[in-house]
Amino acid sequence: MRKPSPRLLAIALAVAAACPTLTAQANEPIQPIQPVKAVNQSQAELGKKLFFDPRLSKSGFISCNSCHNLSMGGTDNIKTSIGHNWQRGPINSPTVLNASMNVAQFWDGRAADLKEQAGGPIANPGEMASSHTLAIDVLQSIPEYVAEFNQVFKKKKIDIDQVTTAIAEFEKTLVTPNSRFDKWLMGDKKALTAKEVTG
């Protein structure tokens, strides 16, 4: 693909400057990532524990963090993710970082939001290979979880709705504001190199 000439770029910039509404529209699709404004701290703390807990899986070895490793950019960095009994999945794991801003969840968009997404892998035979019933039975057998769920949700029994709500609330906190690109979008033209701006 050929780069546009400097003259053509100058004309485009002049047109954009003369028509502020065009500039505003050009800025709409990409906005700087904002820090989380509203989060239920107690749900998020519980969700963090669940995110890292392999006991939600049938084998007791796989957690959400296995495929969405926070120390590796919220993914597993392999071509196709590995699930229960070392099965290779058909696709790789999307990053969980900034996932709260996605229009839909999963690569195919089959989940509308983080809460709906959180329940999928637990019961997927190729991923965590448990069932919602089994996962709840395991959590219900751990006195610390029973006490914390009761404190957070004010209910005597744990259910999958509470589990997915807590995990989703934790995932809402996984945002990356103030990146160099964010700073560039906010007007700091020195945040990116000339080569990065060109693409």
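Residue positions within a chain follow its written sequence, with the count starting from 1. Given that the model is predicted, a residue must reach a pLDDT of at least 70 before its local features are reported, and side-chain atom pairs must reach 80 or more before they are shown or counted; all residues, however, enter totals for whole chains, interfaces and linings. By convention in this description, side-chain values take in all heavy atoms of the structure and omit both hydrogens and water.

Regarding the nonpolar core
Under the convention used in this document: We define a nonpolar core as any set of buried Ala, Val, Leu, Ile, Met, Phe, Trp, Tyr and Cys residues linked to one another through side-chain atoms lying within 4.5 Å. Throughout this description, buried means an accessible area under 20% of the type-specific maximum (1.4 Å probe, protein chains only), exposed means over 50%, and partly exposed covers the range between. Residue contacts are counted whenever heavy atoms from the two residues lie within 4.5 Å of one another.
Counting residues in hydrophobic clusters, the biggest one holds 24 residues, and the most contacted among them are Leu 46, Leu 50, Leu 56, Leu 139, Phe 149 and Val 163. Not counting residues up to four positions away in its chain, the partners in contact with Leu 50 are Leu 56, Cys 64, Leu 139, Tyr 145, Phe 149, Val 163, Ala 166 and Ile 167.

Notes on the environment of Ile 33
Applicable threshold: Only DSSP runs of H or I covering at least 4 residues are called helices, and only runs of E covering at least 2 are called strands; the numbering of each starts at the N terminus.
Of note, Ile 33 is situated in the loop between helix H2 (20-27) and helix H3 (41-51). Distance from Ile 33 to Leu 185, taken between C-alpha atoms, is 9.7 Å for residues 152 residues apart in sequence.

Considering the packing of aromatic side chains
What counts is decided by this rule: Stacked, edge-to-face and tilted are the three classes for Phe, Tyr and Trp ring pairs, Trp counted by its six-membered ring, which pair at centre distances within 6.5 Å; planes under 30 degrees apart are stacked, over 60 edge-to-face, the rest tilted. Any Lys NZ or Arg CZ that is within 6 Å of a ring centre and within 35 degrees of that ring's normal is treated as a charge sitting over the ring.
Tallied over the full model, the rule gives six aromatic pairs. Seen in terms of ring centroids, Phe 149 and Phe 153 are 6.1 Å apart; in terms of plane orientation they differ by 20°. Their pairing is stacked. Placement of the pair is Phe 149 and Phe 153 together in helix H7 (residues 143-153), with a separation of four residues, close to one helical turn. Phe 153 shares its class with Phe 149; the two are buried. Ring-pair connections join several aromatic residues into one group, and the members of that group are Phe 51, Phe 52 and Phe 170. The positively charged end of Arg 110 is found above the aromatic ring belonging to Phe 106, 3.7 Å away from the centroid.

Comments concerning the pattern of salt bridges
Rules: Salt bridges are defined by distance alone: a side-chain nitrogen of Lys or Arg within 4 Å of a carboxyl oxygen of Asp or Glu.
According to the stated counting rule, one finds six salt bridges in the structure shown. Glu 148 is paired through a salt bridge with Lys 49; the nearest N and O atoms lie 2.6 Å apart. In this pair, Glu 148 is assigned in helix H7 and Lys 49 in helix H3, connecting sequence segments 99 residues apart. You can call Glu 148 buried: its relative accessible area is 14%. With its nearest N and O atoms 3.0 Å apart, the salt bridge here joins Asp 53 to Arg 55. Arg 55 gets classed as partly exposed once you look at its relative accessible area, which sits at 42%.

Side note on helix H6 (residues 132-140)
Heads up, the condition is: Note: the arc covers the axis-to-C-beta directions of the helix.
Within the sequence span of H6, burial applies to Ala 135, Ile 136 and Leu 139. In a view along the axis of H6, the buried residues occupy a sector of 95°, so they form one face of it. Check the buried side of H6 and you find it contacts H3, helix H5 (114-123), H7 and helix H8 (160-172).

Some points on unusual backbone geometry
Only a minority of non-glycine residues have a phi that is not negative, and only a minority of peptide bonds are not trans. A positive phi angle, close to 60°, is found at Trp 86, a residue other than glycine. Locating Trp 86 in the fold gives a position in the loop between helix H4 (64-67) and H5. Residue Trp 86 is classed as exposed on the basis of its relative accessible area, which comes to 74%. Of note in the backbone geometry, Ala 129 takes a positive phi value of approximately 60° without being a glycine. Of note, Ala 129 is situated in the loop between H5 and H6.

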